[in-house]
Amino acid sequence: METWAVEASGLHKRFRDVHAVRGLDLQVQRGEVFGLLGPNGAGKTTSMEMLEGLVPPDAGTIRILGLDWRSDGAAIRNRIGVQFQSTQLDDKVKVREALDLFGSYYPQPRNPDDLLRLLQLEDKADVYQSKLSGGQRQRLALGLALVNQPELVFLDEPTTGLDPQARQVLWALVRQLKSEGRTVLLTTHYMDEAQALCDRVGIMDQGQILQLGTPRELIASLNQASYAEIEFEGAAPDAAQFTQRLGIAVDVKPQHWAVPLVDPKSDLRKLLACVEELDLPMQQLHVRRASLEDVFLHRTGRSLRD
Amino acid sequence: MHARIFLKQFAMSLKVYLRLPAAIFWLIAFPIVMFAGLATVLSGKSDSGVKLVWARSAPALSAEDGALQKALAERGLDMQIMTPEEAEARWRGGKLAALLQGQGGHYTLRINSYLAAQGAQTDALVQQAYLVMQARAHGATDIASIPTERASVGGRGDAPYAAYLLPGLLGLNLLMMGLFSAGMVDVTLREKGGYKRLATTPLPRYIFLAAQVCVRLVVVTVSAALLMAVGAALFGVYNRGSYLSLFALIVLGTACFNSLGYVLASFARGVDAYGGLANLVFLPTMMLSGVYFSLDAAPEWLQRGADMLPLTPLLAALRAVFNDGASLASQGSALAIVGVWTVVLFAAATKRFKWV
């Protein structure tokens with residue numbers, strides 16, 4: 001069996017005056033959950049559409065499950081499942097009907113009742129899909145991507161716009177896919193989602209993968225295990241004196257300071273001493289672990305949500 | 001395998017279609033309402049159906065007025081007499097096609113220039129009545145008319161206007177189905193990502209499209225059957241030809257206008273742009289192809305041009321079959337024109353179609 005579920009190198013895609021993807025290299029192992037993490041407009045969706053065989057790349061090569069889109073399109077389609085950010089179904093299609101219909105496109109479809117149980121949509125089986133909530137509709141879209149028991153599942157922004165509870169349900173489903181041995185390639189602009197779900201993450205910005213690794217590796221590469229966040233009464237004061245005394249560059253936010261800690265024990269002791277000496281009006285002190293958000297900020301100088 | 005997928009897709013698409021009240025209304029109820037309404041209004045139960053207002057002052061009638069009034073009534077005019085003030089108010093309202101003024105031998109006839117065709121008809125009848133009146137005044141007693149006979153073009157009895165209208169609406173339905181169902185659904189599926197989702201499955205695109213076209217064929221056929229049932233029940237208009245020939249024409253029209261819809265949709269950048277484009281084709285085609293009226297009064301070049309549109313010859317063939325029991329073989333030249341359109345549009349639709 002081929003080693004890689006997805007193998008892409010040197011992918012480029014240009015739309016008129018937008019160079020959406022600029023030299024994407026990606027290898028996804030079988031059985032792993034891989035996340036492309038990046039802000040809107042980073043080129044995630046275009047990259048996915050090239051890998052899904054919808055958009056031909058201007059340059060580069062793609063192999064999906066060891067096969068080539070140009071010669072083995074039908075074989076690949078039988079073995080992958082795709083969920084888009086939003087899936088347009090007829091309003092007047094019922095949930096079970098949609099699963100049944102999509103199943104008919106494949107030689108060995110999964111039983112709709114099993115899928116309904118998996119998706120926790122049993123009581124919605126005979127409801128028009130247009131009457132579903134956002135989370136239920138995303139679960140149906142995921143179910144449609146699973147009707148053919150795919151080896152590789154593409155999920156484009158699976159939880160965008162969902163409430164926290166609906167996100168948790170979808171996360172559980174993705175974990176189940178992994179436990180069944182399926183490969184999942186997803187995109188997200190939520191760093192907590194990437195951190196919670198993905199075995200490996202590619203941080204993407206402006207059409208390229210900037211850094212790639214397990215969430216732990218990526219965070220460790222920052223060389224800052226955690227951050228101390230100091231909140232003040234009112235606006236955050238000028239940090240020049242504090243920075244000089246502490247010897248660590250402070251990131252000044254409107255309401256607080258963020259102080260990267262390399263060695264939390266000694267750095268915190270020094271930090272508190274400086275606060276004492278300068279008699280700063282500190283109200284609260286939080287220590288939090290570094291996150292993928294910090295990695296992105298560090299690599300691009302911008303926040304994921306910008 | 002493919003036959004099974006086709007049947008499933010067809011059944012599902014039909015089911016979904018029948019759940020859309022708006023679609024049912026526009027393709028089934030609307031043509032019937034349109035047909036019943038127009039056929040009732042325009043069939044003209046009275047002798048001529050022509051209305052005339054005669055404006056004259058109150059005093060007693062002169063001999064001439066009496067004679068003219070009698071002659072007008074004999075012409076079958078639906079006449080209303082009112083005072084000049086009342087008549088003037090009605091005239092200003094804009095709905096009068098013709099207004100006869102004066103009395104005692106001094107008459108003028110005002111024709112509404114906006115309603116020239118209706119006015120001309122009234123004018124002719126009033127002039128006839130006036131001639132009759134004069135002839136009588138000169139002593140003529142035995143004024144005769146040429147006997148008239150109402151007959152359909154194919155010579156099978158006197159089919160009323162409803163018989164002209166019904167095949168017209170049937171053809172119009174085919175055009176609407178192509179432009180406003182095939183084309184609109186196509187452009188929507190492309191814009192909203194429906195096709196993109198299907199493109200990631202192994203479903204062959206021709207199966208999906210064939211299923212959709214077959215659903216439209218079923219819907220227009222049912223719509224045609226209901227229209228014919230209403231025609232028979234309310235207006236005594238029924239198919240004198242072969243049902244198989246009618247169905248063959250419906251299939252041909254469906255193929256032609258669905259292709260047209262897909263071709264137009266392939267040029268439109270989204271649903272809004274498509275709406276404009278479809279109407280740009282729909283309205284002139286409807287006006288020029290003789291759905292409601294024959295284009296007899298239009299200039300010769302326009303009539304020849306309209307004959308080359310796909311709907312005109314299709315309607316001619318539908319009318320020939322429906323009203324005169326003609327065979328398809330006798331409609332060769334009409335079918336040839338529709339056939340050429342269908343082949344060209346189908347080829348263009350196939351060439352231009354894109355999933356994504």
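Treat the numbers as computed from the prediction; the structure is a model and nothing was measured.

K.L.:
So, the confidence of the model for chain B: which residues are in play, and what are the values?
P.N.:
Residue and element names in this part refer to chain B. Averaged over all residues, the pLDDT of chain B equals 90, while 95% of them reach at least 70. Helix α2 (residues 21-43) is the least confidently modelled element of chain B, averaging 84 in pLDDT, while helix α9 (residues 243-267) averages 97, the highest of any element. Interface predicted TM-score (ipTM) for the complex: 0.86; the corresponding pTM is 0.83.

K.L.:
How would you summarise the interface of chain B and chain A if you had to cite specific residues and measurements?
P.N.:
Listed as interface residues are 17 residues of chain B and, on the opposing side, 19 residues of chain A. Sorting the residues of the side of chain B that touches chain A by element identifies α1 (2-18) and α7 (194-199) of chain B as the ones contributing at least two each. Residues belonging to the side of chain B that touches chain A are distributed by class as follows: eight nonpolar, four polar and five charged.

K.L.:
Explain the sheet that holds strand β4 (residues 59-64) of chain A to me, and be specific about the residues and the numbers.
P.N.:
Residue and element names in this part refer to chain A. Here three strands make up an open sheet; going across it, the order is β2-β1-β4 and the pairing antiparallel. Two strands in the sheet have a free side with no partner beyond their single neighbour: β2 (18-29) and β4. The average undirected angle you get between the axes of adjacent strands in this sheet is 15 degrees. Bridge analysis of strand β1 (residues 4-15) against β2 gives nine bridges, and the strand direction is antiparallel. Its bridge partner being in β2, Val-6 is matched across the sheet by Val-28. Packing against the sheet, helix α1 (residues 44-51) makes contact with β1, β2 and β4, and its axis sits at approximately 120 degrees to β1.

K.L.:
So what's going on with the sheet that holds strand β2 (residues 78-82) of chain B? Which residues, and what values?
P.N.:
All names here are of chain B. Taken in spatial order, the four strands make up an open sheet running β2-β1-β3-β4, and their pairing is mixed. Either end of the sheet is taken by a strand with one partner, and the two such strands are β2 and β4 (106-111). Averaged over all adjacent pairs, the angle separating strand axes in this sheet is 25 degrees, with direction ignored. Note that strand β1 (residues 51-55) and β2 share five bridges and pair parallel. Bridge pairing in β2 links Lys-51 to Asp-78. Lying over the sheet, helix α4 (residues 84-93) contacts β1, β2 and β3 (98-103), oriented at roughly 140 degrees with respect to β1.

K.L.:
Talk me through the packing of helix α6 (residues 161-192) of chain B against helix α8 (residues 205-235) of chain B; I want residue IDs and the actual numbers.
P.N.:
Residues and elements named next belong to chain B. Following both chains from N to C, one finds α6 and α8 inclined at 155 degrees, their axes separated by 10 Å at the closest point. With respect to α8, the element α6 is oriented roughly antiparallel. Crossing geometry of α6 relative to α8 is assigned as right-handed. Residues Ala-162, Leu-166, Leu-169, Leu-170, Asn-173, Leu-174, Met-177, Ser-181, Ala-182 and Val-185 of α6 pack against Gln-212, Arg-216, Val-220, Ser-223, Ala-224, Leu-227, Gly-231 and Phe-235 of α8. Its residues assigned to classes, the contact of α6 with α8 shows twelve nonpolar, five polar and one charged.

K.L.:
With reference to specific residues and values, describe helix α5 (residues 134-146) of chain A.
P.N.:
Given 3.6 residues per turn, any residue in an α-helix points the same way as the ones three and four places further on. All names here are of chain A. Between its first and last C-alpha, α5 extends 19 Å over 13 residues, near the 18 Å set by a 1.5 Å rise per residue. Most of α5 sits inside the fold, with ten of its 13 residues counted as buried. When we look at burial in α5, the residues that qualify are Arg-137, Gln-138, Arg-139, Leu-140, Ala-141, Leu-142, Gly-143, Leu-144, Ala-145 and Leu-146. On its buried face, α5 sits against β5 (80-83), α3 (95-103), α4 (112-119), β6 (152-156) and α6 (164-179).

K.L.:
Now, about the pairing of β4(B): what can you tell me, with residues and values included?
P.N.:
Residues and elements named next belong to chain B. Here six bridges tie β3 to β4, and the two strands are oriented antiparallel to one another. Along β4, the bridge assignment pairs Gly-102 with Tyr-107. Hairpin connection, β3 to β4: the antiparallel pair is bridged by two residues, and Gly-104 has positive phi, about 65 degrees.

K.L.:
For the domain arrangement of chain B, give the residues involved together with the corresponding values.
P.N.:
Domain annotation for chain B reports domain 1 (2-42 + 159-352) and domain 2 (51-137). One C-alpha centre belongs to domain 1 of chain B, the other to domain 2 of chain B; they are set 45 Å apart.

K.L.:
Give a description of unusual backbone geometry that names residues and reports values.
P.N.:
All names here are of chain A. Despite not being glycine, Arg-16 shows a phi value in the positive range, around 45 degrees. As for its placement among the helices and strands, Arg-16 is situated in the loop between β1 and β2. At Glu-157, a residue that is not glycine, the phi angle is positive and equals roughly 45 degrees. Within the fold, Glu-157 resides in the loop between β6 and α6. Given 22 C-beta atoms within 10 Å, Glu-157 falls into the buried group.

Thresholds, definitions, all that
Residues numbered from 1 in each chain as written. Chains lettered and ligands numbered in written order. Predicted model: local features only at pLDDT ≥ 70, side-chain atom pairs only at ≥ 80, totals over all residues. pLDDT = per-residue confidence, 0-100. Helix = DSSP H or I, 4+ residues; strand = E, 2+ residues; numbered from the N terminus. Contact = placed C-beta atoms within 7 Å. Nonpolar A, V, L, I, M, F, W, Y, C, P; charged D, E, K, R; others polar. Pairing = 2+ DSSP bridges. Axes fitted to C-alpha atoms, helices over the stretch in contact; angles between N-to-C directions. Parallel < 35°, antiparallel > 145°, perpendicular 65-115°, else oblique. Left-handed = near helix turned anticlockwise from the far one by under 90°. Expected span 1.5 Å × (residues − 1). Buried ≥ 20, exposed ≤ 12 C-beta atoms within 10 Å, placed from the backbone. Domains from an automatic or database assignment.

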